[in-house]
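Inside the fold
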Amino acid sequence: MMKTIEARLQELGITLPQSSSPAGKYANAVIVNGMMYVSGKGPATDERGKLGVEFTTERGYDFARNAGLEVLAVVRDVLGSLDRVKKVVKVQGFINASASYQEHHKVLNGFSDLMIDVFGEEQGVHARSVLGAVSVRDQLPLIIDSIFQVEE
């Protein structure tokens, strides 16, 4: 018998936050032809600044993992259950970093590792891109876009 994703979250000691509301005239997520496009999410933190200036790579990893919790909260809220996720398809990270910062990929590992922890290798491994950004909204340390294949 397969474990539910909710049981897996409990096993991992993960409690998802309430999903955040959109900050403008857009949806938290849109589903088209079995693909769920989640709007960009940042970590739930009051901390603001850039990787390579205010924050270390290790702290960035934590921010990316936290943003992943925000994404999962939205996915669960929209779908009603994370068990309806078939596959984490694509992740794109925008890292608010100094011009000389070089470890963007290590920061985004915080999100990727969370997806694999929660969904397992087969469902959780995804394609991804990571970009350095001169700025992001509200000077968050990062923003992550994601796409999931879901049961409709």
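In short, a report on the structure. (Residues numbered from 1 in each chain as written. Predicted model: local features only at pLDDT ≥ 70, side-chain atom pairs only at ≥ 80, totals over all residues. Heavy atoms only, no water.)

**Structural notes on the nonpolar core**
Grouped burial of nonpolar side chains is what soluble globular proteins tend to show. Membership of the largest hydrophobic core comes to 37 residues, with the highest contact counts inside it found for Val-75, Phe-119 and Phe-148. Secondary-structure elements contributing two or more residues to this core are helix 1 (5-12), strand 2 (35-41), helix 2 (57-79), strand 3 (85-96), helix 3 (104-124) and strand 5 (142-150). Here this core gets 10 residues from one element, more than from any other, and that element is helix 2. Discounting residues that sit within four places of it in the chain, Val-75 has contacts with Met-36, Val-38, Gly-80, Leu-82, Val-85 and Phe-148. (Core = buried A, V, L, I, M, F, W, Y, C linked by side-chain atoms within 4.5 Å. Buried < 20%, exposed > 50% of the residue type's maximum accessible area, 1.4 Å probe, protein only. Helix = DSSP H or I, 4+ residues; strand = E, 2+ residues; numbered from the N terminus. Contact = heavy atoms within 4.5 Å.)

**Digging into the side chain of Ser-39**
You can see Ser-39 is positioned in strand 2. With a relative accessible area of 19%, Ser-39 lands in the buried category. In terms of polar contacts, Ser-39 uses its side chain to reach the backbone carbonyl oxygen of Ala-27, at 2.6 Å. Among residues more than four places away in sequence, those in contact with Ser-39 are Tyr-26, Ala-27, Asn-28, Ile-144 and Asp-145. (Polar contact = N/O pair within 3.5 Å; in protein donor to acceptor, adjacent residues only side chain to side chain.)

**Some thoughts on the pattern of salt bridges**
One pass over the structure, following the stated rule, counts seven salt bridges. For Arg-76, the salt bridge identified is with Glu-6, shortest N-O distance 3.1 Å. Of this pair, Arg-76 sits in helix 2 while Glu-6 sits in helix 1, and the two are 70 residues apart along the sequence. Among the residues examined, Glu-6 registers a relative accessible area of 29% and is labelled partly exposed. Each of Glu-47, Arg-59 and Asp-62 takes part in a single network of salt bridges with overlapping partners. (Salt bridge = Lys/Arg side-chain N within 4 Å of Asp/Glu carboxyl O.)

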